[in-house]
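Listed here are the chains, written in short residue letters.
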Amino acid sequence: CTMTNFIPIFRLNIIVYPNEPLNLHIFEPRYKQLIKECLQASKQFGIPVVLDKKVQEYGTIMEITELVKEYPGGEMDIRARGTQIFRVLEIIKEIPDKLYSGAIVNYPDNIIAPDNTQLSNLIMNEVKRLYALLNVEEKLPSTNDGIISYKIAHFIGLSLTQEYELMQLFTETQRLEYIRKHLKNMVPMLQGLEETKARIKLNGHFRNLSLDDLEF
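Reference entry: report on the structure contained in this document. The model shown is predicted, which means the values in this text are computed figures rather than measured ones. (Residues numbered from 1 in each chain as written. Predicted model: local features only at pLDDT ≥ 70, side-chain atom pairs only at ≥ 80, totals over all residues. Heavy atoms only, no water.)

Quick notes on the environment of A132
Note the following rule: Here a strand is any run of E in DSSP of at least two residues, a helix any run of H or I of at least four, and the numbering for each starts at the N terminus. Relative accessibility under 20% of the residue-type maximum defines a buried residue, over 50% an exposed one, and the middle range a partly exposed one, all with a 1.4 Å probe and only protein chains included.
Among the secondary structure elements, A132 is positioned in helix α2 (residues 117–133). Assessed through its relative accessible area of 28%, A132 is described here as partly exposed. C-alpha of A132 to C-alpha of E194: the two residues are 62 residues apart in sequence and 10.0 Å apart in space.

Observations regarding the pairing of strand β2 (residues 21–26)
One face of the sheet, then the other: side chains in a regular strand alternate in exactly this way. Worth spelling out the cut-off: Pairs of strands are assigned from DSSP output, requiring at least two bridges between the strands.
Burial along β2 is one-sided: the face carrying L22, L24 and I26 is buried and the face carrying P21, N23 and H25 is not. Examined bridge by bridge, β2 and strand β5 (residues 76–92) share six bridges and lie antiparallel to one another. The residue of β5 that forms the bridge with L22 is A80.

Points about the packing of aromatic side chains
Defined as follows: Any two of the Phe, Tyr and Trp rings considered here, Trp counted by its six-membered ring, make a pair once their centres fall within 6.5 Å; the pair's planes then place it as stacked at under 30 degrees, edge-to-face at over 60, or tilted in between.
As enumerated under the stated definition, the model contains four aromatic pairs in all. Look at Y17 and Y150: their rings are 5.0 Å apart centre to centre, the planes differ by 20°, and that puts the pair in the stacked class. In this pair, Y17 sits in the loop between β1 (4–9) and β2 while Y150 sits in helix α3 (residues 149–152), placing the two residues 133 residues apart along the sequence. You can call Y17 buried: its relative accessible area is 0%. A ring pair is formed by Y58 and F170, whose centres lie 5.8 Å apart and whose planes are at 55°; its orientation type is tilted.

Now the structure itself:
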């Protein structure tokens, strides 16, 4: 039987994967209370996925790894890290004496271990090619321990909805297959990009590309 428990929740419009580090500046009263309590009791909190302003079924348990700075007004800078995926069974909006909400959750069996080295090598080669095309090789995420799906998911142009679909896959092979399909759809676009790259002054500033940088 899967363990069920209550967790405080911190709603953010982001996807965090297991083992992913996250730096947060805490300034809202409800979250200042939540984080303070988690720090005092060495407790974890959950970030449920929010899409279209709705809390979704899955999210990530976070542990606080460092309180970096506390400000006079009670704001805080913290470092946290994703530990595991949870599934929301029920949202508890009102908690006595608390400003924040919570949720009753359980934990789906999720295999975070490498299992298909050939597939992961194939995908990393595609990702390297993508980064070379965009002139951003230095931004390539490090993937030394063989578990690559969570590490590269934010770096291959997935939408928030697609990142959430990936979160609902619970073996590394399923996640890698999902990423491979996505990269396959990008290949024609990349080939087009390769051909026009000479005409676009990328200069490594692809993210800041403005219309002024394009030569028509």
